[in-house]
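A look at the structure
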Amino acid sequence: MAKLVVEILDASDLMPKDGQGSASPFVEVDFDKKQPLRTQTKHKDLNPVWNEKLVFDIDNPRDLPNRTIDVVVYNDHKGGHHKNFLGRVRISGASLPPSESEAAVQRYPLDKRGLFSHIKGDIALRIYPVLDGGSNFFAAAPKENGVESAERCEHDEGEVYEKKTKKKKEKEVRTFHSIPTAAAAPPPVFPGFGGNYQARERPVAVEQRTDFARAGPAVAMQMQIPRQNPEFGLVETRPPVAARMGYRGVDKTASTYDLVEQMHYLYVNVVKARNLPVMDISGSLDPYVEVKLGNYKGFTKHLEKNQNPVWNQIFAFSKERLQSNLIEITVKDKDIGKDDTVGKVFFDLSEVPVRVPPDSPLAPQWYKLEDKKGMKMQGEVMLAVWMGTQADECFPEAWHSDAYSVSPESLAHTRSKVYFSPKLYYLRVNIIEAQDLLPWEKDRGGVNAFAKIQLGNQVKVTKTFPARSLNAIWNEEFIFVASEPFEDFIIITVEDRVAPGKDEILGRIIIPVRELPYRLDHAKLPPPRWFNLFMPQFGEGGAEKKREIKFASKIHLCLCLEAGYHVLDESTHFSSDLQPSAKVLKKPSIGMLEVGILSARNLLPMKGKDGGTTDAYCVAKYGNKWIRTRTLLDSLAPKWNEQNTWEVYDPCTVITIGVFDNCQISGSKDDSKDKRIGKVRIRLSTLEADRIYTHYYPLLVLSPSGLKKHGELQLALRFTCTAWVNMVAQYGRPLLPKMHYVQPISVLHMDGLRHQAMQIVAQRLARAEPPLRREVVEYMLDVDYHMWSLRRSKANFYRIMSLLSGVTAVCKLYNDICNWRNPVTTCLVHVLFLILVCYPELILPTVFFYLFVIGVWNYRYRPRHPPHMDARLSQAEFAHPDELMEEFDTFPTTQPSEFVRARYDRLRHVAGRVQTVAGDLATQGERAQAILSWRDPRATAIFIIFSLICAVFIYVTPFQFVAVIVGLYLLRHPRFRHKMPSVPVNFFKRLPSKSDMLL
């Protein structure tokens, strides 16, 4: 007799259901619609452990692949008399292993029962069939020849498909089809570091579930997702992070550092030394410390002629690469030849303490130096040695053993850092007028004056006042980008246009930006002020001398810092920050975004053609906060496991994460720029609150040679909402601050200001240590997004066509109804139409209820994964090489004339089609205008007479009667239709347009 064994091991992170923040869960398993079996109840436990076996009889072993195992978790509410739903899992019998020896433990996320269920957590199961004799289940089945087996397989698949088709109206539940792996080996035991630590068993990876998202027949309003190459898609993963494992068996860092895998490090803090003996004949000592663990050696900097040196340097050795049980710390004297050994200190790794944040840092202690014979000698060194994780606060600043080959000068370029963009403001300058402008030559009589405004590298010029006079009126307004701490000066120079190409300075004013007033709203500009214009200073030996004047020329200015705007340094389509510059105008945060940068795989070697390497690091940007991970050297599958947190003020924002190859550690001038590996953009509004997303994202880079996949980046994301009311209210508020709508800035000026803001951010971040290089900032901010690209234009065109496809589908549906393609549907539409005519108050409720039904229907087909770069939507997968060469060309172009001529001819061809479409649209609009314009007297007369008759007829006839007549006429049977155009269409096409008036 065949049996089915279901082992219920444990569950984690269940939803509290008893009103006291806990639950009393038990599991109920049903197989083949028989009497369900259940486990014991675990009282007040959100992470229960059962370790129970439930055994079912299998009546027909050959039909097992068509059966389903239902596992439901309940909360025992009143001692077994009432139960609350905590989640369910459906497992297909086709995914079961053939025997107990091949069965592995698998964790399944709990699924919802209905639309309004609030479920979380997962459950660990081990399911396998057995025979009474203990033999292999599938091996015991009768064997057939290959042809008969294939036919039977196809027949069975057909039966399964027919059964699924018949049950398509039943409630859909996610069914797991998992590929079992071999039995997991026992977790390894790591000796030392204060005791034996057993590695936590990692859950077996579960195959990505796709069958539950299978859509039925396409409908007009169904959400469509463009298909693309599977290589460019997401891959869902289940890394052993604490957030997914319910904090069981992990230390207390799991509550704050739970989106990454823990990586253990041995830390050595070399603080200082004292009373070191003199080693040279000259009586001096140049000490430094060597920290050695196996083959890894780290060195502090040497200090010249110092017997009491202070280093304050930390070394970190990865636990995965430990090659010895003894750590050796040696104080040496830097010498011209061989360095002398001053003394040593040894530590046994089994005695090293473990430190877990948020514990306070380990206090360093003094240790006596020993000579080669192990005897105590003069001199002491202050050290602290402990075992920790990447959550340790000294992790970013430490010297890492995987960077042992990096020179001390380049070591800073490998460390992880957090950067903040400078706070940016718009600076408004209104040049009103100038008075008493004295020309250099008295007999000139007047000046043709213009003003030049300069802020940093931003320069604007007013128009030249046309009249030659001593006074000039411009009344022009300019906007610049300024950044805190306002160290710049705004320089306004008034010049005289003496001749073409020859200008003379009439006066200049220099105003510190920090002295300008702030403007928070649109109510009122600060009052304009008069400033004195001073003549420029000349050197003592110059040919020209400073003119002596008893009074100065005046200029009338209105200047202010606009604190009510948000200075855009990114495109508004994927901006990460929409807050105004003024802190008092900023809204409170609505949540928190946590991002764990876990690892990457299959990276392409960026250095060298054959057998090259990659020194990869990640940069993430959200709001004004930038983070940079440490650089992992010579690895095509780096593991960073670094977690960062951002405050979220608006859900409709985007986080950008890029991967780069570090070219600064080799010191080569040829590889001075860091190379792009790829980037990922994720919109926060597409993430469910409190859900953990762990995926491999493809790193796609478009180059002149085509689209390339440079690898995959594994991320863990969690968006936590802390203010639901504020978040929901955000959807009804403007995207940008109020000033952008009350006093908008033109799109042309906004593009120029965005470019200036990007330049300021890049310059400021490049001055940090380690610098965040300009090419990295430009790639993250998409500085060339506004440049012309035929590929991007085609992508936008197909996006528009995709939107219009919905309208086309509605028109096709209407045409099918009018032509009675489906008589039942047409009759139902007639009945609905008559009901709405008789009861017009039901029109709006019907429309909104239909929208509600469509939204609920599409909920089944909602996206299960966060969005990512879509190669097919971007028209990048099959882009023409000439299009890519044009897209990556410089501005102005540097290509030969024949290439430019070919592009121009192609542009003329495309523009000709656009011109034709624009002309057709204009023709239709002019025909509509010509109805009442009497350009065609007979057509206008016919139309106004027809309008008068219609007005009288509709006035004396009930509205419902007119609506029924018109509706039935439009929905008439094809027998009463003909293929010729209707009278209104013929009348409209005969109306005149202005196309015949064009030259």
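For the structure given in this document, a descriptive report is provided here. Everything quoted here is computed from the prediction, not taken from an experiment.

Regarding the overall build of the chain
For the chain, the count of helices and strands is 13 helices and 39 strands. Nonlocal contacts in the chain, meaning residues at least 24 apart in sequence, comprise 70% of its contacts between residues at least 6 apart. With an accessible surface of roughly 55,200 Å², the chain has 57% of that area assigned to carbon and sulfur atoms.

As for unusual backbone geometry
The peptide bond linking Glu484 to Pro485 adopts the cis configuration, its omega dihedral lying at 10°. Secondary-structure assignment places Pro485 in the loop between β26 (472-483) and β27 (489-499). Cis geometry marks the peptide bond from Glu769 to Pro770; its omega dihedral reads 0°. Looking at the element boundaries, Pro770 is found in the loop between α4 (747-766) and α5 (774-781). For Trp820, which is not a glycine, the phi torsion comes out positive at approximately 60°. The topology assignment puts Trp820 in the loop between α6 (790-818) and α7 (823-838). Owing to a relative accessible area of 24%, Trp820 belongs among the partly exposed residues under this scheme.

As for the side chain of Thr493
You can see Thr493 is positioned in strand β27. Only 3.2 Å separates the side chain of Thr493 from the side chain of Arg508, close enough to count as a polar contact. Among residues more than four places away in sequence, those in contact with Thr493 are Phe450, Ala451, Lys452, Ile505, Gly507 and Arg508.

So, the pattern of salt bridges
Under the counting rule described, the total for this entry stands at 43 salt bridges. Notably, a salt bridge pairs Arg718 with Asp258, separated by 2.9 Å at the nearest N-O pair. Highlighted residues: Arg718 in strand β39 (residues 706-721) and Asp258 in the loop between β12 (235-236) and β13 (264-274), separated in sequence by 460 residues. Neither residue differs from the other here; Arg718 and Asp258 are each classed as buried. We note a salt bridge from Arg691 to Glu688, for which the minimum N-O separation is 3.6 Å. The partly exposed category is assigned to Arg691, whose relative accessible area is 27%. Via salt bridges that share partners, Asp10, Arg107, Asp122 and Arg238 belong to a single interconnected network.

Side note on the pairing of strand β7 (residues 106-109)
The two faces of the sheet receive side chains in turn, since in a regular strand these alternate between them. Burial of β7 is two-sided: the residues Gln106 and Tyr108 facing one way and the residues Arg107 and Pro109 facing the other way are all buried. Across four bridges, the pairing between β7 and strand β8 (residues 122-130) is antiparallel. The residue of β8 that forms the bridge with Gln106 is Leu125.

A word on the sheet that holds strand β36 (residues 654-661)
Across the sheet, which stays open at both edges, the five strands sit in the order β22-β34-β33-β36-β37 with antiparallel pairing between neighbours. Of all strands in the sheet, those with a lone pairing partner are β22 (417-420) and β37 (675-683), marking the two edges. Direction aside, neighbouring strands of the sheet carry axes that sit 15° apart on average. In terms of strand pairing, β22 meets strand β34 (residues 625-628) through four bridges, oriented antiparallel. When the sheet's bridge partners are listed, Val418 is paired in β34 with Ile627.

Observations regarding the packing of α4 against α5
At a minimum axis distance of 9 Å, the contact between α4 and α5 shows a crossing angle of 140°. As the angle between them shows, α4 and α5 are arranged oblique. Read as a crossing pair, α4 and α5 show a hand that is right-handed. Every residue of α5 that contacts α4 at Arg754, Met758, Gln759, Val761, Ala762, Gln763 and Leu765 is listed here: Arg774, Val777, Glu778 and Leu781. Of the residues in the contact of α4 with α5, the class split is six nonpolar, two polar and three charged.

Cut-offs used in this document
Residues numbered from 1 in each chain as written. Predicted model: local features only at pLDDT ≥ 70, side-chain atom pairs only at ≥ 80, totals over all residues. Heavy atoms only, no water. Helix = DSSP H or I, 4+ residues; strand = E, 2+ residues; numbered from the N terminus. Contact = heavy atoms within 4.5 Å. Areas by Shrake-Rupley, 256 points an atom, 1.4 Å probe, with all protein chains shown as cover. Buried < 20%, exposed > 50% of the residue type's maximum accessible area, 1.4 Å probe, protein only. Polar contact = N/O pair within 3.5 Å; in protein donor to acceptor, adjacent residues only side chain to side chain. Salt bridge = Lys/Arg side-chain N within 4 Å of Asp/Glu carboxyl O. Pairing = 2+ DSSP bridges. Axes fitted to C-alpha atoms, helices over the stretch in contact; angles between N-to-C directions. Parallel < 35°, antiparallel > 145°, perpendicular 65-115°, else oblique. Left-handed = near helix turned anticlockwise from the far one by under 90°. Nonpolar A, V, L, I, M, F, W, Y, C, P; charged D, E, K, R; others polar.

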